[in-house]
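This is what each chain is made of:
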Amino acid sequence: MPANKKPKTKSAAKKAEPANIETFLDTIVTGDCIAAMKKLPNASVDLVFADPPYNLQLGGDLTRPDNSRVDGVDDDWDKFENFKAYDSFTRAWLAEARRVLKPDGAIWVIGSYHNIFRVGAAVQDLGFWILNDVIWRKSNPMPNFRGTRLTNAHETLIWAAKSEKSKYTFNYRALKTGNDDLQMRSDWEFPICTGAERIKGEDGAKTHPTQKPESLLYRILIASTKPGDVVLDPFFGSGTTGAAAKFLGRHYIGCERDKAYIAAAKKRIARVKPLPEEELQTQPSPRAAPRVPFGQVIETKLIKPGAKLYSRNKNTCAKVRADGSLYVKDGDVEIQGSIHKVGAAVQNAQACNGWTYWHYEEKTGLKPIDFLRDKIRKQMAG
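Values in this document were obtained by computation on a predicted structure and should not be read as measured data.

Reading guide: rules and limits
Note that residues are indexed from 1 along each chain, following the sequence as it is written. Local features are withheld for residues below a pLDDT of 70 in this predicted model, meaning they are given only at 70 or higher, and side-chain atom pairs are given and counted only at 80 or more; totals for whole chains, interfaces and linings count all residues. Calculation of side-chain values draws on the structure's entire complement of heavy atoms; hydrogens and water are dropped beforehand. A run of DSSP states H or I qualifies as a helix once it reaches four residues; a run of E qualifies as a strand once it reaches two. Both are numbered from the N-terminal end. Remark: exposure states derive from per-residue accessible area (1.4 Å probe, protein chains only) relative to the maximum for the residue type, with buried under 20%, exposed over 50%, and partly exposed in between. When checking whether two residues touch, look at their non-hydrogen atoms; a contact exists if any pair is within 4.5 Å. Paired strands are those between which DSSP finds at least two bridges. Seen with its strands pointing away from the viewer, a crossover is right-handed if its path from the first strand over the helix to the second goes clockwise. A helix's residues, less one, multiplied by 1.5 Å, set its expected span. The directions considered for the arc run from the helix axis to the C-beta atoms. In protein, a polar contact requires one atom able to donate a hydrogen and another able to accept it; more generally it is a pair of N or O atoms within 3.5 Å, and residues adjacent in sequence count only if both atoms are side-chain atoms. By convention a nonpolar core is built from buried Ala, Val, Leu, Ile, Met, Phe, Trp, Tyr and Cys residues, the set being connected through side-chain atoms within 4.5 Å.

**Student:** Any chance you could break down the overall build of the protein chain for me, citing the residues and the numbers?
**Tutor:** For the protein chain, the count of helices and strands is 12 helices and 14 strands. When the 382 residues of the protein chain are sorted by exposure, 41% land in the buried category. Contacts spanning at least 24 positions in sequence make up 66% of the contacts within the protein chain whose residues lie at least 6 apart.

**Student:** Describe the pairing of strand 8 (residues 251-256), with residues and values.
**Tutor:** Each regular strand shows side chains that alternate between the opposite faces of the sheet. Burial of strand 8 is extensive: 5 of the 6 residues sit out of reach of the surface. Pairing of strand 1 (residues 27-30) with strand 8 involves 4 bridges; the strand directions are parallel. Residue Val 29 lies in a different strand from strand 8, and its bridge partner there is Cys 255. With 4 bridges joining them, strand 7 (residues 230-233) and strand 8 adopt parallel strand pairing. Note that in strand 8 the partner of Val 230 across the bridge is His 251. Following the chain from strand 7 across helix 7 (residues 240-247) to the adjacent parallel strand 8, one finds a crossover that is right-handed.

**Student:** Which residues make up helix 3 (residues 83-100), and what values go with them?
**Tutor:** Taking 1.5 Å per residue, 18 residues should reach 26 Å; helix 3 reaches 26 Å between its end C-alpha atoms and fits that length. Here helix 3 has its buried residues at Tyr 86, Phe 89, Thr 90, Trp 93, Leu 94, Glu 96, Ala 97 and Val 100. Seen end-on, helix 3 carries its buried residues on one side only, within an arc spanning 160°. Considering only its buried residues, helix 3 is in contact with helix 2 (33-38), strand 2 (45-50), strand 3 (101-111), helix 4 (116-125) and strand 7. Sitting at the head of helix 3, Asn 82 places a side-chain oxygen 3.2 Å from the backbone nitrogen of Lys 84.

**Student:** Tell me about the nonpolar core, and name the residues and values.
**Tutor:** Counting residues in each nonpolar core, the largest one holds 33 residues, and the members touching the most others are Trp 108, Leu 157, Leu 216 and Ile 220. Here this core takes 6 residues from helix 6 (residues 214-224), the largest share from any one element. If we skip the residues at most four places from it in the chain, Leu 157 touches Phe 49, Trp 108, Val 109, Ile 110, Asn 132, Asp 133, Val 134, Trp 136, Leu 216 and Ile 220. Grouped together as the second largest cluster of nonpolar side chains are 31 residues, Phe 24, Val 48, Ile 107 and Ile 253 included.

Any functional reading would require information beyond the geometric quantities listed.
Pasting the structure below:
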């Protein structure tokens, strides 16, 4: 054996077994968030929800006009030496969050004006692809007691995919259905966490100073996860993410170092009863549905060649041809092509969703041809 080589010991030759995500499901990993996330395997979670320290930079106690003390955030976990230290911490935990996300995973980060802009820059620098910023408008915000600034009545959430190419989950139709068939906007109104939902200790004081309302997490999970998905919360606190995930049939993994928070979260989540599987079904996304060309509607004779299609207000009429194309004569101009091409042309628009623009006539009135596409999809599903 060459003199410069040493025999391998059994321990050196044996590689460490990779962590199995199954062992972490529906548990709280105790410790600092970065160290805790390092225990998780690569590309193992579907969604990250993060409510990191806001770095409020409070200087002295905050009091009301009657000189009573405001119970604000003055915990050690929210204190950083300077912006450089906070930025370093932010990039470190975001890097770990990105490592454990699956290729088609996504992240939500919530913050206030104190930190969200610094977090947003780090999110982009690390390769995440921002999808939306969402304003959580508080219906009952805490007033500005000193009267020196505007009342802080909102917080900002950043929703980002792991990368620009990620095929992230977005349950568009589920959100629209829950919003009375109106497209969900990026400004959400919820009250801050108060009353029975607020977790309190035996002394009656709130357990966690920044507990988020469960309704906020409910919407996020409905919007961007599916039943059975794994949701990681690196700043688990009093367990709002875990409670919402369990209720909605998702798995959670929490990271938390404060023993009092952990105890409160475990007690809280234990009381949650998950919804039955049949009640977890949501309106399917059009992107997930099988493709049905308009020609198939003609082939199945749901609409016959020669039938007329109309715009919603009946200002425009087109005739259907045997190959599934439409034909419109507007004065001396003849327009023909697909339902989308003709729909765009008659509106002088660059694009058109022909399925929702064109309508067929029944005894009960006009119906969008999308209704017929849905009928075929249901037949395909059996």
